[in-house]
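Chain by chain, the residues run as shown.
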Amino acid sequence: MHPAGCKRTIQETLGVILKKVQLMKISLLILTFILLTYCQTNGQSKKENYADLTSKIDSIVNDSEFNGVILVSIDSIDIYSKAIGYSDLESKTQIGLNDQFIIGSISKQITAVLILQELEKGNLGLDDKINKYIEGISQPWAEKVTIHHLLTHTHGISDLEKPLEFEEGSQFKYSQLGYELLAQILHKVTGKTFEILSTELFEKYGLKNTFHPENKEYKHLVKGYEENENGTLVFATNSLDNYVPAGGFISNAMDLKKWNQKLYAGKLVSKETLELMSTKYATRIHPIFDTVEYGYGLLFKDGEEKIQIGALGYSPGFVSACYFYPQTKINVVVLENTARDLDDFKSTFKIQTEIMGAVKKRTPNNGYSK
């Protein structure tokens with residue numbers, strides 16, 4: 001072929017390709033616009049469907065002295081999100097949706113997930129005795145108490161140097177120490193400190209606002225306040241005194257929503273392992289819920305593990321709730337940095353439980369299985 005003809009053919013081919021690329025770009029822009037429009041319309045539609053719920057939550061909040069963050073979502077749509085009050089009462093610094101809180105016993109399910117991930121890898125067994133991993137305990141119960149007992153608060157350990165309060169597995173007694181022992185087991189199994197191990201978990205799953213408190217990268221931790229005997233809110237200086245695996249993690253509402261989404265979708269542990277987490281192993285007379293069942297770091301009313309499941313959290317100055325509603329796929333996160341009425345925990349957690357109750361009413365049969 002003559003060079004000029006060849007050049008013309010190449011130019012024509014390039015022209016055709018260019019037109020196709022331009023058409024593809026236009027098509028992509030149209031598709032993106034359609035998807036965005038759909039998502040916005042779908043999100044708005046969902047919000048409208050839950051207008052009665054958001055109105056009820058507003059009523060609960062308006063009738064209280066709530067100071068903190070509330071996030072209620074379904075799938076990826078936030079149907080209620082508000083930051084109310086101050087992160088620092090003295091300076092009157094406005095609180096924000098992304099501010100961080102100490103989440104108390106919500107931390108236990110994080111520790112449970114770390115244990116169960118090692119179970120899935122075959123690195124430990126739930127019936128393993130703790131003396132397999134922890135050395136230096138002179139008490140004979142170290143040869144009897146299992147990882148399962150620690151996860152379910154049925155171990156009877158009150159002090160590492162004392163006999164058990166009751167025979168392992170025979171009773172329930174809420175224990176922070178048990179979860180600290182789980183962290184020590186994880187250290188032995190993985191060779192990593194609990195801080196490093198938990199930080200790796202948060203980084204892997206994109207929880208950028210969740211921290212072990214020894215990882216000082218958190219920058220938006222609010223101040224926690226407790227009501228004293230005179231009814232005055234005072235800064236709580238001991239908010240981080242608890243064992244971290246039991247109640248000391250720092251997080252925010254957006255990350256806890258993300259945690260719920262990943263946990264209950266079987267992305268943190270398998271669906272089969274999630275069933276282990278949400279199985280009833282022990283019953284407790286609870287200061288807020290009266291009678292409640294315990295799984296591995298999760299709690300629920302008898303027969304309601306498929307209706308309302310999660311955890312409350314308390315640390316001095318911080319009152320929290322993180323729950324999931326499997327039938328409606330709703331997430332509820334309530335983080336508060338003012339703790340009132342400490343002589344009556346039902347009053348302390350009144351806002352959290354009232355919001356949870358309002359959400360539960362949206363489930364079939366008003367939240368109760370037949």
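Residues numbered from 1 in each chain as written. Predicted model: local features only at pLDDT ≥ 70, side-chain atom pairs only at ≥ 80, totals over all residues. Heavy atoms only, no water.

Asker: A description of the overall build of the protein should follow, citing residues and the corresponding values.
Answerer: What the protein contains, in helices and strands, is 11 helices and 15 strands. Evaluated residue by residue, the protein yields a buried proportion of 49% over its 370 residues. Of the roughly 18200 Å² of accessible surface on the protein, a fraction of 52% belongs to carbon and sulfur atoms. (Helix = DSSP H or I, 4+ residues; strand = E, 2+ residues; numbered from the N terminus. Buried < 20%, exposed > 50% of the residue type's maximum accessible area, 1.4 Å probe, protein only. Areas by Shrake-Rupley, 256 points an atom, 1.4 Å probe, with all protein chains shown as cover.)

Asker: Lay out the pattern of salt bridges in plain terms, naming residues and giving numbers.
Answerer: A complete count under the given rule lists 15 salt bridges for this structure. For lysine 132, the salt bridge identified is with aspartate 128, shortest N-O distance 3.6 Å. Take aspartate 128: its relative accessible area is 16%, and that puts it in the buried class. If you follow the salt bridges from partner to partner, you end up with Asp88, Glu90 and Lys223 in one network. (Salt bridge = Lys/Arg side-chain N within 4 Å of Asp/Glu carboxyl O.)

Asker: Give a description of the environment of tyrosine 50 that names residues and reports values.
Answerer: Inspection of the secondary structure puts tyrosine 50 in the loop between helix 1 (3–49) and helix 2 (51–62). Residues tyrosine 50 and valine 359, 309 residues apart in the sequence, show an inter-C-alpha distance of 9.8 Å. Apart from residues lying up to four places away in sequence, tyrosine 50 is in contact with Ile74, Ile79, Ile330 and Arg362. (Contact = heavy atoms within 4.5 Å.)

Asker: Help me get a handle on the side chain of glutamine 139, residues and values and all.
Answerer: By the element assignment, glutamine 139 lies in the loop between helix 3 (107–120) and helix 4 (147–151). A distance of 3.0 Å separates a polar side-chain atom of glutamine 139 from the backbone oxygen of glutamate 161. Excluding anything up to four places from it in sequence, glutamine 139 contacts Leu160, Glu161, Lys162 and Pro163. (Polar contact = N/O pair within 3.5 Å; in protein donor to acceptor, adjacent residues only side chain to side chain.)

Asker: Describe the packing of helix 3 against helix 8 (residues 253–264), and please don't skip the residues or the numbers.
Answerer: Running from amino to carboxyl end, helix 3 crosses helix 8 at an angle of 40°, the nearest separation of the two axes being 13 Å. Here helix 3 lies oblique to helix 8, going by the angle between them. Handedness of the crossing formed by helix 3 with helix 8: left-handed. Contacts between helix 3 and helix 8 involve Gln109, Ile110 and Val113 from the first element and Trp259, Asn260 and Leu263 from the second. For the contact of helix 3 with helix 8, a count of residues per class yields four nonpolar, two polar and no charged. (Axes fitted to C-alpha atoms, helices over the stretch in contact; angles between N-to-C directions. Parallel < 35°, antiparallel > 145°, perpendicular 65-115°, else oblique. Left-handed = near helix turned anticlockwise from the far one by under 90°. Nonpolar A, V, L, I, M, F, W, Y, C, P; charged D, E, K, R; others polar.)

Asker: How would you explain the nonpolar core if you had to name every residue and give the values?
Answerer: With 99 residues, the main nonpolar core has Ile70, Val72, Ile130, Ile147, Leu151, Leu263 and Met277 as its most contacted residues. Ignoring sequence-local partners within four residues, the contact set of leucine 263 consists of Gln109, Val113, Leu268, Val269, Leu274 and Met277. (Core = buried A, V, L, I, M, F, W, Y, C linked by side-chain atoms within 4.5 Å.)

Asker: Describe the side chain of asparagine 337, with residues and values.
Answerer: When you line up the elements, asparagine 337 lands in the loop between strand 14 (330–336) and strand 15 (338–339). A polar contact of 3.2 Å, which involves the side chain of asparagine 337, links it to the backbone oxygen of tyrosine 86. Among residues more than four places away in sequence, those in contact with asparagine 337 are Asn67, Gly68, Tyr86, Ser87, Ile95, Phe101, Val222, Lys223, Gly224, Tyr225, Gly317 and Phe318.

Asker: Account for the pairing of strand 2 (residues 77–84), with residues named and values stated.
Answerer: Of the pairings in the sheet, the one linking strand 1 (residues 68–74) to strand 2 comprises seven bridges and is antiparallel in character. Bridge pairing in strand 2 places leucine 71 opposite serine 81. Linking strand 1 to strand 2, which pair antiparallel, is a turn of two residues; within it aspartate 75 sits at a positive phi near 55°. (Pairing = 2+ DSSP bridges.)

Asker: Give me the lowdown on the sheet that holds strand 7 (residues 233–235), citing residues and values where you can.
Answerer: Strand order in the open sheet formed by three strands is 7-6-15, and the pairing between neighbours is mixed. Of all strands in the sheet, those with a lone pairing partner are strand 7 and strand 15, marking the two edges. Pairing between strand 6 (residues 225–227) and strand 15: two bridges, direction parallel. Looking across to strand 15, one finds that tyrosine 225 is bridged to threonine 338.

Asker: Residue-level account of the packing of helix 3 against helix 5 (residues 177–190), with values.
Answerer: Between helix 3 and helix 5, the shortest axis-to-axis distance is 10 Å and the interhelical angle comes to 35°. In this structure, helix 3 crosses over helix 5, and the sense of that crossing is left-handed. Residues Lys108, Thr111, Leu114, Ile115 and Glu118 of helix 3 form the contact with helix 5, whose own contacting residues are Tyr179, Leu182, Leu186, Val189 and Thr190. Tallied by class, residues from the contact of helix 3 with helix 5 come to six nonpolar, two polar and two charged.

Asker: Residue-level account of the pairing of strand 12 (residues 309–315), with values.
Answerer: Counting buried positions along strand 12 gives six out of seven residues, so the element sits mostly inside the fold. When strand 12 meets strand 13 (residues 318–325), the two strands line up antiparallel, connected through seven bridges. In the sheet register, tyrosine 314 faces strand 13, and the bridge partner there is valine 319. Hairpin connection between strand 12 and strand 13: a loop of two residues separates the two successive antiparallel strands, and glycine 317 in this loop has a positive phi of roughly 90°.

Asker: An account of the packing of aromatic side chains is needed here, citing residue identities and associated values.
Answerer: Tallied over the entire structure, the rule returns 12 aromatic pairs. Both rings, one in phenylalanine 172 and one in tyrosine 294, keep their centres 4.8 Å apart while their planes meet at 40°; by these two values the pair is tilted. In this pair, phenylalanine 172 sits in the loop between helix 4 and helix 5 while tyrosine 294 sits in strand 10 (residues 290–294), placing the two residues 122 residues apart along the sequence. Like phenylalanine 172, the residue tyrosine 294 is buried in the burial classification. Between lysine 223 and the ring centre of phenylalanine 235, over which it is positioned, the NZ or CZ distance is 4.8 Å. The ring of tyrosine 174 carries the charged tip of arginine 284 above its face, separated from the ring centre by 4.5 Å. (Phe/Tyr/Trp six-rings, centres within 6.5 Å; stacked < 30°, edge-to-face > 60°. Lys NZ or Arg CZ within 6 Å of the ring centre and 35° of its normal.)

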